[in-house]
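If you want the building blocks of each chain, they are given just below.
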Amino acid sequence: MADALADINEITGLGMIQIRADQKRLGKALAKAAGLPLPASGTASAKGTRRLCWMSPDELLLVLPAAETTQAVAALTGAVADEHALILDVSDMRVAFAISGSRAEQVLMKLCPTEIAAMPENGMRRTRAAQVACGIWREGEGFALVGFRSVADYLHGILAGAARSGTALDPR
């Protein structure tokens, strides 16, 4: 859309694996199996096409190409086989959107009760967009937002509305 604050596009071809485990005890094994360093609170670690996101003290989200999901689930499951943990492919229940453009930050500032501008480059925020739970991280010059697929149309609609031309937060 001409003069829009940002472009909103669904990101396809992603796999997503939810990891619920004691990160203090199992962090090294999980990081090795994921092929990424364990992220600190409120951050994500990334390498190539993989991203390991901190979601809570006992939850991580591994985002990777869909074709690598089955192998990654097996590696993660094997790494914690004798421990209390949950490794779950949540790819089909999640949707991801790219928010890109010169004012992508403003789109999220309208919808999310978090300090988007203060988010570091490797930052990961678990928040909401309007009334919908989501996770956000920086992706290149913009952001990626992941939410539940059951509200994908709603998420797309509110993102597109917040990106509409003439709705900038800049002083007029």
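Let us look at the structure shown here. (Residues numbered from 1 in each chain as written. Predicted model: local features only at pLDDT ≥ 70, side-chain atom pairs only at ≥ 80, totals over all residues. Heavy atoms only, no water.)

## Section: the pattern of salt bridges
Inspection of every chain in the model, using the stated rule, returns 9 salt bridges. With its nearest N and O atoms 3.6 Å apart, the salt bridge here joins Asp22 to Arg25. Here Arg25 falls in the exposed class, since its relative accessible area comes to 51%. Between Arg138 and Glu105 there is a salt bridge, and its shortest N-O distance comes to 3.6 Å. Of the two residues, Arg138 is situated in strand S9 (residues 132-139) and Glu105 in helix H3 (residues 104-111); the sequence distance between them amounts to 33 residues. Each member of the salt-bridge network shares a partner with another, and the members are Arg20, Asp58, Glu59 and Arg126. (Salt bridge = Lys/Arg side-chain N within 4 Å of Asp/Glu carboxyl O. Buried < 20%, exposed > 50% of the residue type's maximum accessible area, 1.4 Å probe, protein only. Helix = DSSP H or I, 4+ residues; strand = E, 2+ residues; numbered from the N terminus.)

## Observations concerning the nonpolar core
If you look at the biggest cluster of nonpolar residues, it comprises 27 residues, and the most contacted ones within it are Ile99, Val107, Leu108, Ile136, Leu145 and Leu159. Counting residues per element, the ones that place at least two in this core are strand S7 (94-100), H3, S9, strand S10 (142-148) and helix H4 (152-162). Here this core gets 5 residues from one element, more than from any other, and that element is H4. (Core = buried A, V, L, I, M, F, W, Y, C linked by side-chain atoms within 4.5 Å.)

## Focus on the side chain of Ser56
Tracing the sequence through the fold places Ser56 in strand S4 (residues 50-56). Those residues in contact with Ser56, other than ones at most four positions away along the chain, are Gln23 and Arg126. (Contact = heavy atoms within 4.5 Å.)

## Comments concerning the sheet that holds strand S1 (residues 7-11)
Ordered by their spatial adjacency, 5 strands build an open sheet running S1-S7-S10-S9-S8, and the pairing between neighbours is antiparallel. Because the sheet does not close on itself, it has two edges, and the strands there are S1 and strand S8 (124-129). Each adjacent strand pair in this sheet contributes to an overall mean axis angle of 30 degrees, direction not counted. Summarising the sheet, S9 and S10 pair through 6 bridges and their orientation is antiparallel. Note that in S10 the partner of Cys134 across the bridge is Gly147. Against the sheet, H3 makes contact with S1, S7, S8, S9 and S10, and its axis sits at roughly 35 degrees relative to S10, the strand it touches most. (Pairing = 2+ DSSP bridges. Axes fitted to C-alpha atoms, helices over the stretch in contact; angles between N-to-C directions.)

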